[in-house]
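What follows is each chain in one-letter form.
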Amino acid sequence: MVRPLDVSVPSIRFIGIWLIGCFLWGSFDHSFATAEEENPKTPVAESAPTSPLLIGSAQRDITPPMGFPMSGYFHERLATDTRDPLFAKAVVFEQDGTTVVWVVCDLVGITRDLYEEVVRRSESLHGIPAKNHILSATHSHTAPDYKAHLVRHLRGELDEDEKKNSGSPYAAELIDGIVGSIGDAISSKRAAKLLAGNATQSVPVSFNRRSVMKDGSIRTWQGESNPDRLRVAGPIDDQLGIVAVVDSESNRPFAMCSSYALHLDTVGGTRWSADYPALMQRAVAENFGDDVLSIFGAGTCGDINHADPSRKERNSCEFIGHALGETLVKEARSMLAKSIETPSVTTPQLKYRHAVVPLPLQAPTKQSIARAKALVPRAREGEKIGFEDLVAANRDVQLDRLRNNPSWIDADDPANVWPMIAWEGVGNHLPVEVSTITVGDELAIVFLPGEVFVDLGLAIKRHSPFKTTMVIELSNCVETAYLPTHAAYAQGSYEVINSRTKPGSGEKLVAAALSLLRSAAADDAPAKYETLSELTAR
């Protein structure tokens, strides 16, 4: 039997008092918020755009000289030749007072020292706020190992042998090249429209490199010929994200942005190379014009590479580049044709969101540091060291410089392979950044730090409220190294050993990204999110 609602006067009086109490309690509860959450930003609907979307793009050559150290592996290699040049490629977005810079560099990673110096220079020259700069690395393993050279340059410690014949050190040319690409992109701004979509990469070029073994462990780089291998441990992301940047007046593309989840380690050797994106650039130039830039951002490929576990032979850089280039060109042609048939009559709104997410760092022990001090110099002298032991030693050296002030390893110790300035002694949390650029309800580009597992990128795409979402890793810092899923930490293997943060860090990035996307989609005011607590408090 359903009882009727009691609406007597005493009941109404009680309900009124209860509601008032709830209101007051909510006010008191807010007063106990942390300092990070004081002065909350009241969501206010953003006004419709009053000016066209302006976009500019440009590139500068950042190829190092011969003989400069190469990155990507745990032993020293010196460059002997150039297979194809390395570039810094910049895109500048501007609308109604909002300007955002995105630069993609053919580098293995963006150290925090490089990021902060480039941003400092760019902000001074161009007046764009520091936090509105995003620097991403393609993760080419045939790019320069510049970190120690850069630190010595910034400290004024370079000797003549570390400078080029011109007397200008490579670090200075690298910084000038990136900052110059930003200035060139600003100068080339024009009214533009964006066409966004995804294309399935039907020719298989990417494979999850982690395998489940019969003993329940996870091992990296195992072929099907191994009788102890059961199956692949995770998925791939077979979607090639594509954004065609089209001149509004001429209706002609001048840049093609794309993203795919696949490690850029398909070349090897001692020749400078941008890896397979160089082949994608060639395909774009051949089909759309030599002046059209192909700008490639690495998708979340922390556990993805090009080695097919069913075959001994690996796909070549040429095979991969041609396959991805063909997919890119075909989908871009289709998008351009559709845009002519059904032109847009509205101007989509540009929105930028940014957050600082403190990720907890692992803590090396005195014992592990002592072990690293012994192993790293021996490896640098050419002694054969167990691979996982060497990976762990390099990890602990970097963690020592990040967490400890003063570091347990002296700056001039041969084991110090991770010199740094900006984040030296930063503490037990790494203040990484998550950023989003959204245009209308069609496109979202998410930028994450480090080498992120594909499951985490797929989670962001799956829950994004935008029609096309691209997730770009290795943005604004490389110091996190790998960012596995929480479950992967329990399973171990190479990527987990080579991580700097504690379990759950990757999921924190996913939560931050989705909060920023929700803010943009809900048309909230451009709130200045600065901490994870502010994100989760919404």
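Calculation criteria
Residues numbered from 1 in each chain as written. Predicted model: local features only at pLDDT ≥ 70, side-chain atom pairs only at ≥ 80, totals over all residues. Heavy atoms only, no water. Helix = DSSP H or I, 4+ residues; strand = E, 2+ residues; numbered from the N terminus. Polar contact = N/O pair within 3.5 Å; in protein donor to acceptor, adjacent residues only side chain to side chain. 1 Å grid on protein atoms, 1.4 Å probe; cavity = no way out; pocket = protein on both sides within 12 Å on 5 of 7 lines; lining within 4 Å. Points joined across faces, edges and corners; volume = space filled by probe spheres on them. Nonpolar A, V, L, I, M, F, W, Y, C, P; charged D, E, K, R; others polar. Salt bridge = Lys/Arg side-chain N within 4 Å of Asp/Glu carboxyl O. Buried < 20%, exposed > 50% of the residue type's maximum accessible area, 1.4 Å probe, protein only. Core = buried A, V, L, I, M, F, W, Y, C linked by side-chain atoms within 4.5 Å. Domains from an automatic or database assignment. Contact = heavy atoms within 4.5 Å. Pairing = 2+ DSSP bridges. Axes fitted to C-alpha atoms, helices over the stretch in contact; angles between N-to-C directions. Left-handed = near helix turned anticlockwise from the far one by under 90°. Parallel < 35°, antiparallel > 145°, perpendicular 65-115°, else oblique.

If you look the protein up in an unreviewed UniProt entry, it shows as Neutral/alkaline non-lysosomal ceramidase N-terminal domain-containing protein from Rhodopirellula baltica SH28.

Colleague: Any chance you could break down the environment of Asp 265 for me, citing the residues and the numbers?
Modeller: Within the element layout of this structure, Asp 265 appears in the loop between strand 12 (253-260) and strand 13 (271-272). It is 8.8 Å that separates the C-alpha atoms of Asp 265 and Tyr 276, two residues lying 11 residues apart in sequence. Among the polar contacts made by the side chain of Asp 265, one reaches the side chain of Tyr 73 at a distance of 2.6 Å.

Colleague: Could you give me a rundown of the layout of surface pockets, with the residues and numbers involved?
Modeller: Roughly 620 Å³ of internal volume is contained in the second largest pocket. Around the second largest pocket, the lining is made up of 23 residues, and of these Lys 193, Leu 194, Ser 344, Thr 346 and Pro 348 lie nearest the centre. At the level of secondary structure, the elements contributing two or more residues to the lining of the second largest pocket comprise strand 6 (190-200) and helix 6 (317-341). Broken down by element, the lining of the second largest pocket gets its largest block of residues, 6 residues, from strand 6. When the residues that make up the lining of the second largest pocket are grouped by side-chain class, the tally is 12 nonpolar, 7 polar and 4 charged.

Colleague: Outline the pattern of salt bridges, listing residues and values.
Modeller: With the rule as written, the count across this model stands at 22 salt bridges. One salt bridge connects Arg 155 with Glu 424, and the closest N-O pair in it is separated by 3.6 Å. In this pair, Arg 155 sits in the loop between helix 3 (147-154) and helix 4 (170-187) while Glu 424 sits in the loop between helix 8 (387-403) and strand 17 (429-439), placing the two residues 269 residues apart along the sequence. Taking the relative accessible area as the measure of exposure, Arg 155 reaches 37% and is therefore partly exposed. Lys 467 is the salt-bridge partner of Glu 442, the closest N and O atoms lying 3.0 Å from each other.

Colleague: So what about unusual backbone geometry? Which residues, and what values?
Modeller: In this model, Asn 405 is joined to Pro 406 through a cis peptide bond whose omega is 5°. Note that Pro 406 resides in the loop between helix 8 and strand 17. Phi is positive for Leu 474, close to 55°, though the residue is something other than glycine. With respect to the helices and strands, the residue Leu 474 is situated in the loop between strand 20 (468-472) and strand 21 (482-483). With relative accessibility at 0%, the residue Leu 474 sits in the buried group.

Colleague: Which residues make up the side chain of Asp 237, and what are the values?
Modeller: Position of Asp 237 among the secondary structure elements: in the loop between strand 10 (229-232) and strand 11 (239-247). On the accessibility criterion, Asp 237 (6% relative accessible area) is buried. A distance of 3.1 Å separates a polar side-chain atom of Asp 237 from the backbone nitrogen of Gln 239. A distance of 2.6 Å separates polar atoms of two side chains, one belonging to Asp 237 and the other to Lys 461.

Colleague: I'd like a rundown of the nonpolar core, residues and numbers included.
Modeller: If you look at the biggest cluster of nonpolar residues, it comprises 51 residues, and the most contacted ones within it are Val 432, Val 434, Leu 448, Ile 460 and Leu 509. Mapped onto the domain boundaries, this core takes at least three residues apiece from domain 1 (54-350 + 432-537) and domain 2 (362-427). If we skip the residues at most four places from it in the chain, Val 432 touches Ala 355, Val 356, Val 357, Leu 359, Trp 423, Pro 449, Cys 477, Thr 480 and Leu 509. One finds Tyr 115, Val 118, Leu 174 and Ile 175 within the second-largest nonpolar core, a separate group that totals 36 residues.

Colleague: Go over the side chain of Ser 259 with me, naming the residues and quoting the values.
Modeller: With respect to the secondary-structure elements, Ser 259 resides in strand 12. Among the polar contacts listed, one links the side chain of Ser 259 to the backbone oxygen of Gly 297, at a separation of 3.0 Å. Other than its neighbours up to four places away in sequence, Ser 259 contacts Gln 239, Leu 240, Gly 241, Phe 296, Gly 297, Ala 298, Gly 299, Met 470, Val 471 and Ile 472.

Colleague: How would you summarise the sheet that holds strand 18 (residues 443-447) if you had to cite specific residues and measurements?
Modeller: What links the strands of a sheet is backbone hydrogen bonding, and the strands pair in either a parallel or an antiparallel sense. Here 4 strands make up an open sheet; going across it, the order is 16-17-18-20 and the pairing mixed. On the outer flanks of this sheet lie strand 16 (350-360) and strand 20, each paired with one strand and no other. This sheet shows a mean twist of 15° between the axes of neighbouring strands, independent of strand direction. As defined by bridge partners, strand 17 adjoins strand 18 across 5 bridges and the pair is classed as antiparallel.

Colleague: Please set out the packing of helix 7 (residues 366-380) against helix 8 residue by residue, giving values where relevant.
Modeller: Helix 8 packs onto helix 7 with a crossing angle of 115° between their chain directions and a minimal axis gap of 8 Å. The crossing of helix 7 and helix 8 is left-handed. Packed against helix 7, whose contacting residues are Ser 368, Ile 369, Arg 371, Ala 372, Leu 375, Val 376 and Ala 379, the element helix 8 presents Asp 389, Leu 390, Ala 393, Asn 394, Asp 396, Val 397 and Asp 400 at the interface. Partitioned by chemical class, the residues of the contact of helix 7 with helix 8 number 8 nonpolar, 2 polar and 4 charged.

Colleague: If you had to explain the pairing of strand 20 to someone new, which residues and values would you point to?
Modeller: Successive residues of a regular strand alternate their side chains across the two faces of the sheet. A large share of strand 20 lies buried, amounting to 5 of its 5 residues. Direction of pairing for strand 18 relative to strand 20: parallel, over a ladder of 5 bridges. Residue pairing across strands places Phe 447 opposite Ile 472, the latter belonging to strand 20.

Colleague: Would you mind going over the packing of helix 3 against helix 4 in detail, with residue names and values included?
Modeller: It is at 8 Å that the axes of helix 3 and helix 4 come closest, and there the two elements cross at 90°. In this view, helix 3 runs roughly perpendicular relative to helix 4, as classed from their interaxial angle. Together, His 149, Leu 150, His 153 and Leu 154 of helix 3 and Tyr 170, Ala 171, Ala 172 and Ile 175 of helix 4 make up the contact between the two elements. Partitioning the contact of helix 3 with helix 4 into residue classes produces 6 nonpolar, 2 polar and no charged.

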